[in-house]
Amino acid sequence: MSDDSGRSWKDLSPELAQRTVANIELSDDTITVISPSGIRNQTTNDGLTWTAAPGVRSDDDSTVSAFVKRPKVLHFENAIETITARDTLIVIARPWGANMIYAHPMISRASCVAASYRYVYVGLGRSGIARIDRFEQKFSIEASDTLSGSYVQALSVASDMLYAAVTHKQGEILRRPEYATQWSGIPIELLEDPLQVLCMKATPDGLYVGLREQGLAYIDHTKMLGRPLHLGLAKADVTAVESFGSGLLISSSQRGPVLLPSCNGNVTLTSEMHSHCITLAATGMGTSLVTGCHDGSIHLSNDSGRSWTKISHPAAPSEINRLQHYGDTLYLLTMTGLQRSLDTGRTWTHVHDGLKKFNVKQVARVDSADLIVTSSGVLRLSRSGELRQIELPTTFEFRPFISAAVSCDGVLYGCGYPSLSMSIDGGRSWRCYLSEEMMTTRAVSVIGKHLILATAEGVLYRVDRDALRVHLFN
């Protein structure tokens, strides 16, 4: 973020400094993670930002995972009992002094322990997962729980779901219902390196996973894909950022819409509440949120994403690219043209039949026309309905193109090659600026009197709008 027209920048989503997470503590909306050296970091906004938490290095059990293998003695604790694996014994201790002991020779191989109200689960290294039935006093290993000789690093159980972190050729997180036999692998999105799980902390809604190199991840019990928390919105493929109330609405193809009420506020993942579809596009209109889903449907929320109503179905599956709005006009950009709604997405009409053969990526609007960026060129649609292809000056080494556009004060700006194009007559004619320093640009935005341009390499440039106009048109 920059609050001085791009002179200086600060990161809104820094990664967790300590990449290894050996223990996880949960308290209301606060997640505290502890590194092997005892350094503590906290987040209250689902991992978007982190702060150093009070605490000093300690050698007690609070600074290492309860699931990490230690010689001969393993502990598992919950609110009502402590379970210890020692030699060939499982000892269950209750706060009121009652102890229960189970014995079996294979417990000597224990690598981790977890428990539910019915079962005590013991990871046996490469010998699978043993299950102790509390009621029947029975020790058993199901055929499906041998896990083909994979090493069982960690176990966790909550809401009748059993999780196992295993290592064979590479790390993997497996999950199955307690009363089922079929295991499913749960990958963590965005992470390319093999997982090395150090600890897991289950809640009624999901599982937090401490990783050696990737920090902290979260798996919803109802989802088949986990997500890293310490990466913020990195690699989320953010497609649009716009104002919403006093904060920001961030659209991303990997995470869906995200609400950031303020720069220091808690993040609201509206896609978690909007779980009945994969959200491809989002925009805000006044106090309403409008989203487009993978099935081509449009949904509306009037309470910041807490509840949603399906209001229309204007597109085919996987056709929606983006939602944009200008005043009370809502645009639906699709792979088969451009549609327009004047009633917040309830009814739709095609803007122009000639656009139905185009994959529409962006719309920039001025008083006299709409500039429509597609995957096969840029078009100008006048208010009288005339549609024509935009032709840029051809006095350059390579063929010019516009990949994204923005409008401000009746002027159209386009980025691509050469670095910047500009039109002051509603897109009828264009002048192009060629910079030896920035040959090709990918994104353009207006901040006050300046343009901010981003190159394909991620370098940002600030250009004075008035100086650019003088340079190109006088």
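One numbering rule holds for all chains: residues counted from 1, following each sequence as written. The predicted origin of the model limits local features to residues at a pLDDT of at least 70 and limits the giving and counting of side-chain atom pairs to 80 or more, whereas totals for whole chains, interfaces and linings rest on all residues. In computing side-chain properties, one takes all heavy atoms of the structure into account and sets aside hydrogens as well as water.

S.K.: Can you help me understand the overall build of the protein chain in this one?
M.R.: In terms of regular secondary structure, the protein chain is built from two helices and 43 strands. Contacts are assigned to residue pairs that have any heavy atoms within 4.5 Å of one another. Residue pairs in contact within the protein chain that sit at least 24 positions apart in sequence constitute 39% of those at least 6 positions apart. For the accessible areas, the method is Shrake-Rupley and the probe is 1.4 Å, while residue cover comes only from the protein chains on display. Within the structure as shown, the protein chain displays about 22500 Å² of accessible surface, and the carbon and sulfur contribution to it stands at 50%. By definition, any uninterrupted DSSP run of H or I lasting at least four residues is a helix, any uninterrupted run of E lasting at least two residues is a strand, and each is numbered from the N terminus.

S.K.: Hey, could you run me through unusual backbone geometry in this one?
M.R.: Comment: phi is negative for the bulk of residues other than glycine, and the bulk of peptide bonds are trans. Note that the residue after Tyr-417, namely Pro-418, is joined by a cis bond; omega there is -10 degrees. Mapping Pro-418 onto the fold places it in the loop between β38 (411-417) and β39 (420-423). Phi angles above zero are rare outside glycine, and Asp-87 is one such case at about 55 degrees. Secondary-structure assignment places Asp-87 in the loop between β6 (82-86) and β7 (89-93). Here's how the labels work: a residue is buried when its accessible area is under 20% of the maximum for its type, exposed when over 50%, partly exposed in between, all with a 1.4 Å probe on protein chains only. Residue classification places Asp-87 among the partly exposed positions, given a relative accessible area of 43%.

S.K.: I'm lost on the sheet that holds strand β10 (residues 119-123) in this one. Help?
M.R.: At least two bridges found by DSSP between two strands is the condition for calling them paired. If you trace the four strands from one edge of the open sheet to the other, you get β9-β10-β11-β12, paired in antiparallel fashion. Whereas interior strands pair on both sides, the edge strands pair on one side only; in this sheet they are β9 (112-115) and β12 (138-140). Averaged over all pairs of adjacent strands, the angle between strand axes in this sheet comes to 20 degrees, irrespective of strand direction. In terms of strand pairing, β10 meets strand β11 (residues 129-133) through five bridges, oriented antiparallel. Among the inter-strand pairings, Val-122 is bridged to a residue of β11, identified as Ala-130. Orientation is described by axes fitted as lines to C-alpha atoms, over the contacting stretch for helices, and by angles from 0 to 180 degrees between their N-to-C directions.

S.K.: Quick question: what am I supposed to make of the pairing of strand β2 (residues 30-34) here?
M.R.: Along a regular strand, successive side chains alternate from one face of the sheet to the other. When you tally the buried positions in β2, you get five out of five residues, the bulk of the element. As judged from the five bridges shared by strand β1 (residues 23-27) and β2, these two strands associate in the antiparallel manner. Each bridged residue has a counterpart across the sheet, and for Asn-23 the counterpart in β2 is Ile-34. Counting the residues between successive antiparallel strands, the hairpin from β1 to β2 contains two residues, one of them, Asp-28, with a positive phi of roughly 55 degrees. Sheet topology note: the β2/strand β3 (residues 40-43) ladder contains four bridges and is antiparallel. Along β3, the bridge assignment pairs Val-33 with Asn-41. Connecting β2 to the next strand, β3, in antiparallel fashion are five residues, including Gly-38 with a positive phi near 95 degrees.

S.K.: Help me understand the environment of Gln-196 in this model?
M.R.: For Gln-196, the position within the fold is in the loop between β16 (184-185) and β17 (197-202). Placed 31 residues apart in sequence, Gln-196 and Ala-165 show a C-alpha to C-alpha distance of 8.4 Å. In this view, Gln-196 contacts Gln-153, Gly-210, Leu-211 and Arg-212; residues no more than four positions away in its chain are not counted.

S.K.: When you look at the confidence of the model for the protein chain in this model, what are you seeing that I'm missing?
M.R.: Detailed reading of the predicted coordinates is not advisable wherever pLDDT is low. Confidence scores per residue from the predictor, reported as pLDDT, run from 0 to 100. On average, residues of the protein chain score 84 in pLDDT, and 88% of them are at 70 or above. The model gives residues 56-71 a pLDDT under 50, and that stretch makes 41 contacts with residues more than four places away or in other chains.

S.K.: What should I look at first to understand the packing of aromatic side chains in this one?
M.R.: The geometry of an aromatic ring pair is captured by the separation of the ring centres together with the interplanar angle, meaning the angle of the planes. Any Phe, Tyr or Trp ring, taking Trp's six-membered ring, that has another such ring centre within 6.5 Å forms a pair; planes under 30 degrees apart are called stacked, those over 60 apart edge-to-face, and the others tilted. Inspection of every chain in the model, using the stated rule, returns six aromatic pairs. Summarising the aromatic geometry, the rings of Tyr-119 and Tyr-121 are spaced 5.9 Å apart at their centres and angled 50 degrees between planes, so their arrangement reads as tilted. Tyr-119 sits in the buried class, given a relative accessible area of 7%. Residue class for Tyr-121 comes out buried when judged on its relative accessible area of 0%. Pairing Tyr-326 with Tyr-331 gives two aromatic rings, centres 6.3 Å apart and planes at 75 degrees, and the pair type is edge-to-face. A relative accessible area of 24% means that Tyr-326 is categorised as partly exposed. Members of the aromatic cluster, each reached through a chain of ring pairs, are Tyr-119, Tyr-121 and Tyr-179.

S.K.: Could you clarify how one ought to interpret the side chain of Glu-242 in this entry?
M.R.: The topology assignment puts Glu-242 in strand β21 (residues 238-244). Buried within the structure, Glu-242 lacks any salt-bridge partner; its nearest side chain of opposite charge belongs to Arg-322, at an N-O separation of 6.2 Å. Here a polar contact is recorded for every N or O atom pair within 3.5 Å, except that within protein the pair must consist of a potential hydrogen donor and a potential acceptor, and residues adjacent in sequence are included only if both atoms are side-chain atoms. At 3.0 Å, the side chain of Glu-242 and the side chain of Thr-283 are in polar contact. Among the polar contacts listed, one links the side chain of Glu-242 to the backbone nitrogen of Gly-284, at a separation of 3.0 Å. A residue counts as positive if it is Lys or Arg and as negative if it is Asp or Glu; His and the chain ends are not included. The salt bridge criterion pairs a side-chain nitrogen of Lys or Arg with a carboxyl oxygen of Asp or Glu, the two atoms within 4 Å.

S.K.: Explanation requested: helix α2 (residues 465-473) in the structure shown.
M.R.: Side chains three or four residues apart in an α-helix point the same way, a direct result of the helix having 3.6 residues per turn. Of the positions making up α2, those classed as buried are Arg-465, Leu-468 and Leu-472. Viewed end-on, α2 has its buried residues packed into an arc of 60 degrees, placing them on one side of the element. Those residues of α2 that are exposed and angled more than 90 degrees off the buried face are Asp-466 and His-471. The backbone nitrogen of Asp-466 has a side-chain oxygen 3.0 Å away, supplied by the residue at the start of α2, namely Asp-464. Directions drawn from the helix axis to the C-beta atoms are what define this arc.

S.K.: What am I meant to see in a nonpolar patch on the surface here?
M.R.: A surface patch of nonpolar side chains, about 410 Å² in accessible area, is lined by Tyr-117, Phe-135 and Tyr-179. Assignment of secondary structure puts Tyr-179 in the loop between β15 (171-177) and β16. Nonpolar side chains (Val, Leu, Ile, Met, Phe, Trp, Tyr) are joined into patches within 5 Å and like charges within 9 Å, using only residues with over 30% relative accessible area and no salt bridge.

S.K.: For this particular structure, what's the right way to read the sheet that holds strand β41 (residues 441-447)?
M.R.: Sheet strands pair by backbone hydrogen bonding; their relative direction is either parallel or antiparallel. Taken together, the three strands give an open sheet; going across it, the order is β41-β42-β43, and neighbouring strands pair in antiparallel fashion. Of all the strands in the sheet, the pair left with one neighbour each is β41 and β43 (460-464). Shown here is a sheet whose adjacent strand axes are inclined to one another by a mean of 25 degrees, direction ignored. Those strands touched by α2 are β41, β42 (450-455) and β43, and its axis lies near 70 degrees from that of β43.

S.K.: How do you make sense of the nonpolar core when you look at a structure like this?
M.R.: Within soluble globular proteins, side chains that are nonpolar tend to cluster in buried spots. Judged by nonpolar contacts, the single largest core of 31 residues is most densely connected at Ile-83, Ile-90, Val-120, Val-122, Ile-129 and Leu-155. Listing elements by their share of this core, those giving two or more residues are β5 (73-77), β6, β7, β9, β10, β11, β13 (151-158) and β14 (161-167). Among the nonpolar cores identified, the runner-up in size contains 16 residues, and Ala-154, Ile-173, Leu-211 and Ala-217 belong to it. What is meant by a nonpolar core is a set of buried Ala, Val, Leu, Ile, Met, Phe, Trp, Tyr and Cys residues, joined one to another through side-chain atoms within 4.5 Å.

S.K.: How should the side chain of His-299 be read in this particular structure?
M.R.: Its place among the elements puts His-299 in strand β27 (residues 298-301). Among the polar contacts made by the side chain of His-299, one reaches the side chain of Ser-297 at a distance of 2.8 Å.

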